[in-house]
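# Coordinate analysis (summary)
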Amino acid sequence: MVPVRRVQALRLFSDPDGPWWALRLHWRRARLLVRALRKRGELQPVADRTAAIRPGAILAFACLRNEAERLPHFLDHHRRLGVSQFLIVDNASTDATPRLLADAPDVSVWRSEASYRAARFGMDWLTWLLTRHGAGHWCLTLDADELLVFPRHDSLGLPALTAWLDARRIPMLAALMLELYAEGPLSSARCAPGADPLEALPLFDAEGYLWDRQRRYAGISIRGGVRRRAFFADAPDRAPHLHKTPLIRWRRGHVYVSSTHIALPRRLNAGFDARRDAPTGALLHSKFLDLALAKSAEDKVRCQHFTHPGRYGVYYDAILADPVLADARSVRFRDWRQLQALGLISGGAWAPMGAF
């Protein structure tokens, strides 16, 4: 039987609202920063154009591999939003990705042949670049298959949004990862290199999202969407998290703990807190192009994309079966106004419902 005092001590140490938990998170943040410092040696500069970064520039960071098909549209979309410079880690691409990155005058590129998984799925590398080059800037951290949208993004863009957030001392924008998919089998979702993937992936799930308070990190956990419905119905706790904080006014000492799902300090995870009356966005996720078939076969062998990759063999097999993901819950994507009307993103005081 565990002594009462020991139980009380364990509860005190693990209480998310207590001082000991705050101290644990402080030390965890310090360890992650040290990891990033050590991992910087795995990055080899290919095209370093960071000298062109100007005060106030909005920066985008990404770690990617073999994304030549999606990369041109990814860059153009975020340029239109207002990104000035891209800082990208190329994890041993074997397609045209290195050439596309090196030829872009607003992209700085580092290459790494090291393990993506051993670098915390690329976050150690990005943490170093964010610390070295992102401090004092609004920094957008994305995957190459994610496109950020938010209320009024098509008319005002990131410069106006970040100025609004700065004026209200809100240091982040939270976003729901919205999975897009085709009307037919996964193999039918073909997108020409450089084209908008939404042309091949017009559908999304408009309902079925579970929002839960996450006390440990003072945020909101979101699960649901087509991946939970189609691939994790029997194991919903293994379904991917859909909450992210991709846009942060970066300071030295900030870190991402798990992809861009969780950040430290904890105040950076409050982007979905409705009491702030702040906007939220969506990351349009183009994972389910026909490219997913080849990528899933490769990922199943490489085992680089999950902490416990052995648990996800059934998931990869389900993708390789070339499923039809559309069903009665599927809705055709239109624009940010539609997402706001559905309650999937919020305009807050930035873009109140019905004002535009």
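In short, a report on the structure. Position numbers for residues start from 1 in each chain and track the written sequence from start to end. The predicted origin of the model limits local features to residues at a pLDDT of at least 70 and limits the giving and counting of side-chain atom pairs to 80 or more, whereas totals for whole chains, interfaces and linings rest on all residues. Remark: hydrogens and water are excluded; side-chain values derive from all non-hydrogen atoms of the structure.

This part takes up the overall build of the chain. Counting its regular elements, the chain contains 10 helices and 15 strands. Taking 356 residues into account, the globule formula puts the C-alpha radius of gyration at 21 Å, and the chain, at 20 Å, falls close to it. Overall, the chain is about 65 × 50 × 50 Å in size when its C-alpha atoms are taken along their principal axes. When each of the 356 residues of the chain is scored for burial, the buried share is 52%. Pairs at least 24 residues apart make up 72% of the contacts formed inside the chain by residues separated by at least 6 positions. Where accessible areas are quoted, they stem from the Shrake-Rupley method and a 1.4 Å probe; at the residue level, only the protein chains shown are allowed to cover. Total accessible area on the chain is roughly 16,300 Å²; 52% of this is exposed by carbon and sulfur atoms. Positive charges come from Lys and Arg, negative ones from Asp and Glu, while His and the chain ends are left out of the count. The atoms used to mark charge sites are NZ of Lys, CZ of Arg, CG of Asp and CD of Glu. Seen as two clouds, the 51 positive and the 36 negative side-chain charges of the chain have centres 10 Å apart. Numbering of helices and strands starts at the N terminus; helices are DSSP runs of H or I of at least 4 residues and strands are runs of E of at least 2. Our radius of gyration looks at C-alpha atoms and nothing else; its globule reference is 2.2 Å times the residue count to the power 0.38. Working definition: with a 1.4 Å probe on protein chains only, accessible area under 20% of the residue-type maximum means buried, over 50% means exposed, and in between means partly exposed. Every residue pair with non-hydrogen atoms within 4.5 Å of one another is taken to be in contact.

This brings us to helix α2 (residues 19-39). For a helix, the expected span equals 1.5 Å multiplied by the residue count minus one. Spanning 21 residues, α2 covers 30 Å between terminal C-alpha atoms, matching the ideal 30 Å at 1.5 Å per step. Taken together, the buried positions of α2 are W21, L25, L32, A36 and K39. The arc that holds every buried residue of α2, seen down its axis, measures 70 degrees, which confines them to one face. The exposed set on the far side of α2, more than 90 degrees from its buried face, consists of P19, W27, R31 and R38. Our arc is simply the arc of the directions from the helix axis toward the C-beta atoms.

The next point concerns the pattern of salt bridges. Salt bridges are counted wherever a side-chain nitrogen of Lys or Arg sits within 4 Å of a carboxyl oxygen of Asp or Glu. Counted by the stated rule, this structure contains 19 salt bridges. With a shortest N-O distance of 3.0 Å, R70 and E67 are connected by a salt bridge. By relative accessible area, R70 is classed as buried at 6%. The salt bridge involving E183 is made with R332; its shortest N-O contact spans 3.0 Å. Taken together, the residues E183 in the loop between β7 (172-179) and β8 (203-205) and R332 in strand β15 (residues 330-332) connect sequence positions 149 residues apart.

Attention now goes to unusual backbone geometry. The omega angle of the peptide bond from L264 to P265 is 5 degrees, so this bond is cis rather than trans. Among the secondary structure elements, P265 is positioned in the loop between β13 (262-264) and β14 (281-285). In this structure, R120 takes a positive phi of about 55 degrees despite not being glycine. Within the fold, R120 resides in the loop between β4 (107-111) and α5 (123-134). At R152, a position not held by glycine, the phi torsion is positive, near 70 degrees. A residue is classified by how much of its surface remains accessible, and R152, at 17% relative accessible area, is buried.

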